[in-house]
Each structure stands twice: as structure tokens, then as C-alpha cells.
Amino acid sequence: MYDDIRLAERTDTMTDVKIAARNVNVHYGDNHAIKDVSVDIGDRAVTSFIGPSGCGKSTFLRCINRMNDTIDICRVTGDIELNGQDINDKSVDPVQLRAKVGMVFQKPNPFPKSIYDNIAYGPRIHGLARNKAELDEIVEKSLRRGAIWDEVKDRLNAPGTGLSGGQQQRLCIARAIATEPEVLLMDEPCSALDPIATAKVEELIDELRQNFSVVIVTHSMQQAARVSQRTAFFHLGHMVEFGETGQIFTNPQDERTESYITGRIG
Amino acid sequence: MSASTLFLVIAVIAIVGFFVGRHRALATADGSIRRLHSLPQYYGSHVAVLSFAPAVLVLAVWSIAQPLVIGGSVQSQILPSDIPEGRDISLVMTEVRTLADGLSLAVSSGDMTAAEADNAQTFIGDLRDRLGALGVALGGDVRPSVLAAAQSYRSATATGDLIRTVLVLALAGGAFLFAFRQIAPDFRARNTVERAVRVILIGCASIAILTTVGIVLSLIFNTIQFFKLYPWQDFLFGTTWSPSFQGASELGILPLLWGTLYISFVALAVAVPIGLFAAVYLSEYATPRVRAIAKPALEVLAGIPTIVYGLFALLTVGPFLLAAFGEDGVLGVNWMQGGTAVMTAGLVMGIMLIPFVSSLSDDIINSVPQAMRDGSLGLGATKSETIKTVVLPAALPGIVGAILLAASRAIGETMIVVFGAGAAARLDLNPFEAMTTVTAKIVSQLTGDGDFNSPEALVAFALGMTLFIMTLGLNVLALRIVRKYREQYE
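Residues numbered from 1 in each chain as written. Chains lettered and ligands numbered in written order. Predicted model: local features only at pLDDT ≥ 70, side-chain atom pairs only at ≥ 80, totals over all residues. Heavy atoms only, no water.

What chain B contains, in helices and strands, is 17 helices and 2 strands. Summarising its shape, the C-alpha atoms of chain B cover approximately 90 × 75 × 40 Å along the three principal directions. Buried residues in chain B amount to 39% of all 490 residues. Nonlocal contacts in chain B, meaning residues at least 24 apart in sequence, comprise 72% of its contacts between residues at least 6 apart. A total accessible area of about 25300 Å² is found for chain B, and carbon and sulfur atoms account for 67% of it. Both charge centroids of chain B, one from 30 positive and one from 33 negative side chains, sit 16 Å from each other. (Helix = DSSP H or I, 4+ residues; strand = E, 2+ residues; numbered from the N terminus. Buried < 20%, exposed > 50% of the residue type's maximum accessible area, 1.4 Å probe, protein only. Contact = heavy atoms within 4.5 Å. Areas by Shrake-Rupley, 256 points an atom, 1.4 Å probe, with all protein chains shown as cover. Lys, Arg positive; Asp, Glu negative; His and termini not counted. Charge placed at Lys NZ, Arg CZ, Asp CG, Glu CD.)

To continue, consider the overall build of chain A. Within chain A, the regular secondary structure consists of 10 helices and 10 strands. Relative to its length of 266 residues, chain A is compact, with a C-alpha radius of gyration of 18 Å against a globular reference of 18 Å. Each principal axis of the C-alpha distribution contributes one length, and for chain A these read about 55 × 45 × 35 Å. Across the 266 residues that make up chain A, the buried fraction comes to 55%. The long-range share in chain A, meaning contacts at least 24 apart out of those at least 6 apart in sequence, stands at 67%. Counting only carbon and sulfur atoms, one obtains 45% of the accessible surface of chain A, whose full area is about 11500 Å². Of the charged side chains in chain A, 31 are positive and 38 negative; the average position of the first set lies 4 Å away from that of the second. (Rg over C-alpha atoms; globule rule 2.2 N^0.38 Å.)

Attention now moves to the pairing of strand β8 (residues 213-217) of chain A. All names here are of chain A. Most of β8 is tucked away: 5 of the 5 residues are buried. The side-chain alternation of β8 yields two buried faces, one formed by Ser-213, Val-215 and Val-217 and the other by Val-214 and Ile-216. Relative to β8, strand β3 (residues 46-50) runs parallel, the two sharing 4 bridges. By the bridge assignment for β8, Ser-48 is matched with Ile-216. With helix α7 (residues 195-208) bridging strand β7 (residues 183-187) and its parallel neighbour β8, the resulting β-α-β unit is right-handed. (Pairing = 2+ DSSP bridges. Right-handed = clockwise from strand over helix to strand, strands pointing away.)

This paragraph deals with the confidence of the model for chain B. Scored by pLDDT, chain B comes out at a mean of 87, with 97% of its residues at no less than 70. No element of chain B has a lower mean pLDDT than helix α4 (residues 114-118) of chain B, which averages 77, and none a higher one than helix α9 (residues 254-285) of chain B, which averages 93. (pLDDT = per-residue confidence, 0-100.)

Residue-level contacts link 20 residues of chain B with 22 residues of chain A. A buried area of about 1600 Å², summed over both sides, lies between chain B and chain A, and 65% of it is on carbon and sulfur atoms. Taken together, chain B and chain A are joined by 5 residue pairs in polar contact (both at pLDDT 80 or more). For the side of chain B that touches chain A, the leading source of residues is helix α13 (residues 370-378) of chain B, giving 7 residues. (Buried area = accessible area lost by both parts, 1.4 Å probe. Polar contact = N/O pair within 3.5 Å; in protein donor to acceptor, adjacent residues only side chain to side chain.)

Time to look at the packing of helix α2 (residues 40-75) of chain B against helix α3 (residues 89-108) of chain B. All names here are of chain B. Running from amino to carboxyl end, α2 crosses α3 at an angle of 115 degrees, the nearest separation of the two axes being 11 Å. Looking at the two axes, α2 sits roughly perpendicular to α3. The crossing of α2 and α3 is right-handed. On the side of α2, the interface is formed by Gly-71, Val-74 and Gln-75, while α3 contributes Ile-89, Met-93 and Val-96. When grouped by side-chain class, the residues that make up the contact of α2 with α3 number 4 nonpolar, 2 polar and no charged. (Axes fitted to C-alpha atoms, helices over the stretch in contact; angles between N-to-C directions. Parallel < 35°, antiparallel > 145°, perpendicular 65-115°, else oblique. Left-handed = near helix turned anticlockwise from the far one by under 90°. Nonpolar A, V, L, I, M, F, W, Y, C, P; charged D, E, K, R; others polar.)

Right, let's get into a nonpolar patch on the surface. A surface patch of nonpolar side chains, about 530 Å² in accessible area, is lined by Ile209(B), Val213(B), Leu217(B), Ile220(B), Phe221(B) and Ile224(B). Relative to the assigned elements, Val213(B) resides in helix α7 (residues 189-229). (Patch = residues over 30% accessible without salt bridge, like charges linked within 9 Å, V, L, I, M, F, W, Y side chains within 5 Å. Salt bridge = Lys/Arg side-chain N within 4 Å of Asp/Glu carboxyl O.)

Residue and element names in this part refer to chain A. Direction of pairing for strand β1 (residues 17-28) relative to strand β2 (residues 31-42): antiparallel, over a ladder of 8 bridges. Bridge pairing in β2 places Ala-20 opposite Asp-40. Counted along the chain from β1 to the antiparallel partner β2, the turn is 2 residues long, and its residue Gly-29 has a positive phi close to 60 degrees. Pairing of β1 with strand β4 (residues 74-82), which is carried by 8 bridges, proceeds in the antiparallel orientation. What sits directly across from Asn-25, in β4, is Thr-77.

Residues and elements named next belong to chain B. Ranked by internal contacts, the top residues of the largest apolar core, which has 58 residues, are Phe-226, Phe-235, Met-349, Leu-353 and Leu-463. Of all elements in the fold, only α7, α9, α11 (306-325), α12 (342-366), α14 (383-412), α15 (415-420), α16 (438-446) and α17 (455-486) reach the threshold of two or more residues within this core. Setting aside residues up to four positions removed in sequence, Leu-353 forms contacts with Ala-267, Leu-268, Ala-271, Ala-406, Arg-409 and Ala-410. (Core = buried A, V, L, I, M, F, W, Y, C linked by side-chain atoms within 4.5 Å.)

Predicted confidence across chain A gives a mean pLDDT of 87, with 94% of residues reaching 70 or more. Low confidence marks residues 1-9 of chain A, where pLDDT is under 50. Its contacts with residues over four positions away, or in another chain, come to 18 contacts.

Written out as C-alpha cells, the structure is:
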């Protein structure tokens, strides 16, 4: 885990661009929720979106895996490219896209099934395992990567809803990892958790950076500072500032960013 | 004073009590509500409740008990010789009461003076005609002994009524004064009123429960009566149902039970898939506009009286099935002899149950949290995979509960069976045969001129008991499943 104090010493480690968004606009009916947002999200790095409630950061996150398609009144325009391919193109099946861009939600939402079946859900749908042994292997590997294997290995058949909140959230992260996504979107994954569970999930996010591109929406600026390499600040539907996390928190260019991180707006 | 007048008087006292109490409360607090423990209307309600409830309770108990007590004492005056041959003493007592009421009516309508009525012995020969002119029908000429009994009945009733009036009014007035004097700024009127409300709620709940208990007890007693006259082994395991009021009936429940279960099975086979799929469409796929129209439209089906479904079975579905499966039918199979059949009743009953299943399932599917759907969609599942593998399994216990509730309605249904399935009790596998159910047979055993104490009539209670146990079991099962489901997300 990073220490807030060393923020300024950190270097921008961003290498390749995984997701490139250009001039994205989102309308909910008459409400213009996202206004001309352009952002580059790096591969094998954690990008955090911060900003006051209702600023559009979750909405923008849901554009990246086209979850907004499930809302009738929502309209998205602009380009979002994943690995150089436009995800809003007609040739892209949103269902296939969501297998590549996993999502973890604000409230832990394990299915009312066993822990095993929760993890096996995605691999079964996408046919990732040829037989039971392979599926067992995927489940174990995902639970290990979700840093929850040791806690649940003896009760894989117990219902996932019976775990504690923090365990449930790590289960949901493991479930998202099981489909081998390239990008992991996290919508305030720690807002329903206590500080200890939060610390575990943050530790996990930092490890996930080795294999995935992670985008996290958070209300906690300390959390953004601890886990992310790059930070975007959203305000009233605009993306105000985007840059290396240390620089955003220590030397913001825009006065709105400065007001927010010092607690004057929000 | 009659009971209804007394009731009105008490009600007026209570209403006056409300306003007086409210006024008095304000007066004791020098017009400042903030000095009172409760709002002024609570003090008013306190006076009203206290003057109303005990008085009405005494009035009700007294009015029920008085005729019983007086009747008992008058009955002892009647000698065995006064009872006509082959008659019961209760018939003589009915005569006494009719005569006593008739005399009171004659006095109140001005046809007789009070003195005349008290000395009715003097014109005992004309009495029947004079009362007859007032609409009081007496069985025969009035006998002196009956008249004497009626006179003592009248006088006792008059005394009783007087005591009742005095007692009830004194109680209402006394309680009024007591409550009125209790009023003071720190008297907790709100609490006493709320206690009174709680008593009312308990009363309503006990009425509901006691009625159920009463119905069940009456079923049980009559069933025991039946089993004294007819061996229970033959009833439970007999395969023939041929009641005959001349005696030598065979009252085996199995053909009826088979018919009930067979028809219910066909009905559920129709209603469950259609209702469930309709519910899935309405809750998951339909746009809000379609849903706003389609859901109420489907629920209209639930408002159609079952007798209309019965007519539909008799006039439309039966002939239609006969044209398809009967002799010279379109399919040329000749499976069906007449329009009434298990299939006819089952199909129509299934249609009746569709809104039941779909409406309950729709609510249950809607109550599955959106987070479940998001979680599944976020993993790259399609909408239909999400419904199949997440939403329906999560809703399953609730859906099973809905199906069991539908099943107990199917088992209890009568009119559709009478019109659609016929009246022949039969053990047969062919769904195009006429069969009948327990409910339809209960109706046919109790309508008609049969002796009510014969096993042929009493069997209806045994049938009802069987049905009650079956539906009760299903309902308990359904409730348990639904309760288990509720715990899942909390």
C-alpha cells in the first residue's frame, strides 16, 4: 500500500493505452450527464475517478462496458476504443465486451448460490472450462487471486450470501476475474465496507494491477491516492483534470480540483 | 327502552362526552394546549370511550342473556300435559314467545291498551284473529296455559328491560362523570385512548381467529357424527361413490379425490407455464408502457366470477374439445363422449389461475434486487441467461409458493367443475372422461330434501374436512416456502 506522504515522489508508470475515450457525451432523457469527456486509461495500471456525488463518474464507468445499454432512456455518443477498437461499433456484441471488461459494483452482490457456483458462473456461460477439473482449477485460481481462497476453501458449497461484507466484495472481485477480463471496472467497491475490509480490498487492487487494467470510482480521496497511478477529477459532468495521481493531489492545475481535494466543494 | 334506542342514547352521551371532555381539558389548562399532557381531542376521546364501551358491553351481554334466563324460567311453568302429542317443548316455547311479542306489538301499535293486554284472558277466543290482523301468525287457537306463560314472559321481560335501561344509563352516566373528573393537565389521556384502540384491534383479531376455530370445530363434530354412522375405512379407501337416500350407499372418497387431483393437475399444467412466462415477459422484457396496460388487463381475468368461467367451459370449451376429440371429430380419435370432461374443466380452471400465478410471480421476480441482474450482466451474460440462471433461481421459492396457493384454489374450485367436468364420480385415466370433484359432491349432497342426519348428508362434512386438510397443508407449505424466501436478501 502506498503512503500518502510519498505521493510526490511517485513517477508516472503508465505505458500502453488500453482504453481511449474521445468526446463522450451521455444523456439520461433530457439530463446531460457526461459532457465531452476524453480520457486515456493505461494498461496494467490503476486509474481512479474522483469527484462529488452526481458528477458522472459512475455513469462514465458504465459506458466502458456498455452497462448503460440496459437503461432505456440512456443515450451515449462519442468514441470509446478498447485495444484500438470502437466498443460502440455495431460489430461489437455488448455481451462479449462485458466478458472482457469485468465490473465490480458498489454493494457486494453475490448471487444466492454457493461460493463455487458464484465463481463458476462466468466461466460456465462463456465455456471457458472443458470439464469439471478445469472448472475447479479456474475457481481455485480466481479465489486465490481474489485473496479469499484461504477463508473459503473449506466451504465452497456454502452460500455466497452468508459471507461477511468484505468477504462478499472480494468474492465478487474473484467472480469478475474468473472470466479472464482485460479491464476491471470498480464502482466504489469499498463504500459498503469497514476500514479493515477496505484495506484488504485495496491491497488486492494493487496486486491486480500486475495482470489487469483497473478503473476505480471512489469517494475517498485517500483511497484514490493509495491505490491509483492516475486520477481523473469529474465535476458536474465535465472531466476537469486528469493526470498522475501524485501531481493531482499535490499540485492540481485547475482551481476546482484544488477546491475539491482541500474540501471546499463537493 | 328498546336495545336500539338505548344504544343511540349511549352514542349521544359519548359524542357529547367527546366535546365536553375536549372543552374541559382546554379549560383546565387555561386554554394553552402546551400545558396538557395530550392533545385536547384525546381527553375528549377518553370521556367518549369510557362512557360508551362499558355501557354497550353490558347492554349487549344483557340483551343476549335475558331471553335465555326468562325463557328458562317460563319453560318450567309449562306442564307436560300442555305439550301436544308428538310435539317438542321448544315448539310450545316458540308459541309463547310469538304470543308475548304479539301482545307487546298490539299495545305499541295502539290496538290494545296495556290493561287489555294484561287481561287478555277475557277475550282469549278473539285473540288469534286480533293478532292475526296485526300480522302475527299463531299456529292455532290460544290455549290458556300458553297465554299464562306468555303473560309471565311479558312481565318478566318488561321488568328485565327496565332494569337494563336503568343499569346501562347509570353506567354510561357514571363512567362519563368519572372520566370527566379525571381530566387534568397531567392526566395521560393519550395513553388510555391508545390502550382502548389496542383492545379494539385485539377484538377484531380474535373475531377472525374464533370464527375459523368455530368453523373447524363444526366440521370436526359433524365429521365425527358421520363416522359414527359410516365406517371410516370404507370412506377413506372405498373406490365407489354411489349415494342413495334409500340406504345402502357406498361413500368412497377415492373417485372424488382422484377427480379433484386430476382436474387440478390439468389446471396447473395450463396455468403454471403460461402464467410464469407471462410474468417473466412482464417483469423483464416489457417496456413500462406495455406493462402498464398488460398487467391490469391480465388481472381483469382474476376479477371474472368463476360461474362465468363455468359457462365458458359448458358452452365454448366443451363443444370445441368434443368437435376435436369426440366421435366424428376433426382428429377422428373418438376419445370423448360428451362435452363435460376433466380436460374441459382443467383447461378453463387453468385459464382462471393464469393471473393468479402471473401476478404473484411478477411481484416476486420484481423483488429480486437489480444488483443481481447487474452482477450477471456485468459478467457478460445475456439477458436470457441472466433470467434463467440468476433471476428465476433467486425467485424460485416465491414462485413455488405462488404455485401452491394456485393449487389450493384449484382444489377448492366448484362452479367450473359443475359445468365443465360433469357429476359422475369415476376412477379413470382418460382425461376426456367426465369426472367430478369433492367440492361439486358437497354441493349435491347438501342441496335437496334429504334427511340432514343421514350419512348421505353428513358425508359432506367429512368431504369438507378432507378438503380443508388438503388446502391447509398446501397453504402452510406455501407460507413456509415464502417465508424462507423472504429471509434470503435481508
